[in-house]
Amino acid sequence: MSETIKSLADLKDSPVAPVLAAGPAVPPAPVIDALGRSYATGKRKNAIARVWIKRGSGKITVNGKDFLAYFARPVLQMLIKQPLVTAERDSQFEIWCTVVGGGLSGQAGAVRHGISRALVRFEPDLRAKLKKGKFLTRDSRVVERKKYGHAKARRSYQFSKR
């Protein structure tokens, strides 16, 4: 049992090699609670969205309002529906979320990130599609802080020769 492996060629011939090459054979299991929901948190800029999804009519609720009323701009509505359209699950899930912090654009990005993560928890097979569309990556860009002696983060005060 205690073989001495001195090179990579010895490792290739060892009985352990097929076990290492096989990798994980068990697919990840869905994470669904007793009420048939999956939960995930999405973040973007200073906004944080808590998202729950379950099988249903396709209704999306944000902070107690319909998402069409909460996010009035069509661009934000399209942004939120992107993961569902990519996964081809447009009207199969009922989604409700609470979102705090940031502005409307950041909140829409946070909801999109949360929906994507919740979809993967509900159906792990969707991970490849959503990963390819870059919906699972948290956008880490945040506003740069204002510096001392500057008007803004990088903008200096106007120079006057007087």
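Relevant structure appears above.
Residues numbered from 1 in each chain as written. Predicted model: local features only at pLDDT ≥ 70, side-chain atom pairs only at ≥ 80, totals over all residues. Heavy atoms only, no water.

**Student:** Any details on helix H4 (residues 74-86)? Residues and values, ideally.
**Tutor:** Its 13 residues place the ends of H4 18 Å apart at the C-alpha level, agreeing with the 18 Å of an ideal helix rising 1.5 Å per residue. For H4, the complete set of buried residues consists of Leu-76, Gln-77, Ile-80, Pro-83 and Leu-84. The secondary structure elements touched by the buried residues of H4 are strand S3 (60-62), helix H3 (67-70), strand S5 (93-100), helix H5 (104-122) and helix H6 (127-132). At the C-terminal side of H4, Glu-88 shows a positive phi close to 60°. (Helix = DSSP H or I, 4+ residues; strand = E, 2+ residues; numbered from the N terminus. Expected span 1.5 Å × (residues − 1). Buried < 20%, exposed > 50% of the residue type's maximum accessible area, 1.4 Å probe, protein only. Contact = heavy atoms within 4.5 Å.)

**Student:** Run through the packing of aromatic side chains, naming residues and quoting values.
**Tutor:** Throughout the structure, instances matching the rule amount to three aromatic pairs. Seen from their ring centres, Tyr-39 and Trp-52 are 5.1 Å apart, and the 45° between their planes marks the pair as tilted. With Tyr-39 in strand S1 (residues 38-44) and Trp-52 in strand S2 (residues 47-55), this pair connects stretches of sequence that are 13 residues apart. Among the residues examined, Tyr-39 registers a relative accessible area of 32% and is labelled partly exposed. The interplanar angle of 85° and the centroid separation of 5.1 Å between the aromatic rings of Phe-93 and Phe-122 together place this pair among those described as edge-to-face. Taken as a pair, Phe-93 in strand S5 and Phe-122 in helix H5 lie far apart in primary sequence, 29 residues in all. Just as Phe-93 is buried, Phe-122 falls in that class too. (Phe/Tyr/Trp six-rings, centres within 6.5 Å; stacked < 30°, edge-to-face > 60°.)

**Student:** Quick one: what's the story with the environment of Glu-88, residue by residue and with numbers?
**Tutor:** In this structure, Glu-88 sits in the loop between H4 and S5. Classification of Glu-88 by relative accessible area gives exposed; the value is 54%. Put simply, Glu-88 and Leu-126 are 38 residues apart on the chain and 9.7 Å apart in space, counted from C-alpha to C-alpha.

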